[in-house]
Amino acid sequence: QVYLVESGGGEVQPGGSLLLSCNVSRTIWKIYNMGWYRQGPGKQRELVADISESGRMNYGEPAKGRFSISRDSAKNTMYLLMMRLLSEDTGIYYCYVKGLIGGTNPGDYWGQGTQVTVSS
C-alpha cells in the first residue's frame, strides 16, 4: 500500500526554484516526525529537512538558508520549497514519515521519490 505520494519534481536551471509536495495517507493516523531526504548520483541518502510533531524544524547543511520545510495538517501534506538551486541539488528526493498505522510501535514510511534535476 502506498502511504506517501510525492510530487513537484522536475528539471530547473541553476538559481531556480521548485516546490515539492508529499501527501500522507490518513492511514498513518499519528505522525511523530516527517521530512525529506535526497540521494544524488553516486551519493548516499542524506537528510534535507525534517519537522517534528511539535513543529520544530531541522535542516541538513546543504539546505540551510535555501530550502524551507512546512506542513498543512488540514491537507495532510508536507512541502519543501527549494530556492537558489545548484547543480549539486540534483537527485531523487524522498518523503519520509515516522508514524503509527496500528499498534503502538511507530514505523518508518518512505515515498517512491521524485526526481529533481538542476541543469543549464
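Residues numbered from 1 in each chain as written. Predicted model: local features only at pLDDT ≥ 70, side-chain atom pairs only at ≥ 80, totals over all residues. Heavy atoms only, no water.

Caption draft 1: Structural context of the state of the cysteines. If you walk through the whole model with that rule in mind, you get one disulfide. There is a disulfide in this structure between Cys22 and Cys95, and the S-S distance comes to 1.8 Å. Judged by the torsion about the S-S bond (-75°), the Cys22/Cys95 disulfide is left-handed. In this pair, Cys22 sits in strand E3 (residues 18–24) while Cys95 sits in strand E9 (residues 91–100), placing the two residues 73 residues apart along the sequence. (Disulfide = S-S within 2.5 Å. Helix = DSSP H or I, 4+ residues; strand = E, 2+ residues; numbered from the N terminus.)

Caption draft 2: Fine view of the environment of Gly15. Assignment of secondary structure puts Gly15 in the loop between strand E2 (10–12) and E3. It is 9.8 Å that separates the C-alpha atoms of Gly15 and Ser120, two residues lying 105 residues apart in sequence. Look past the residues within four positions of Gly15 in its chain and what remains in contact with it is Arg84 and Leu85. (Contact = heavy atoms within 4.5 Å.)

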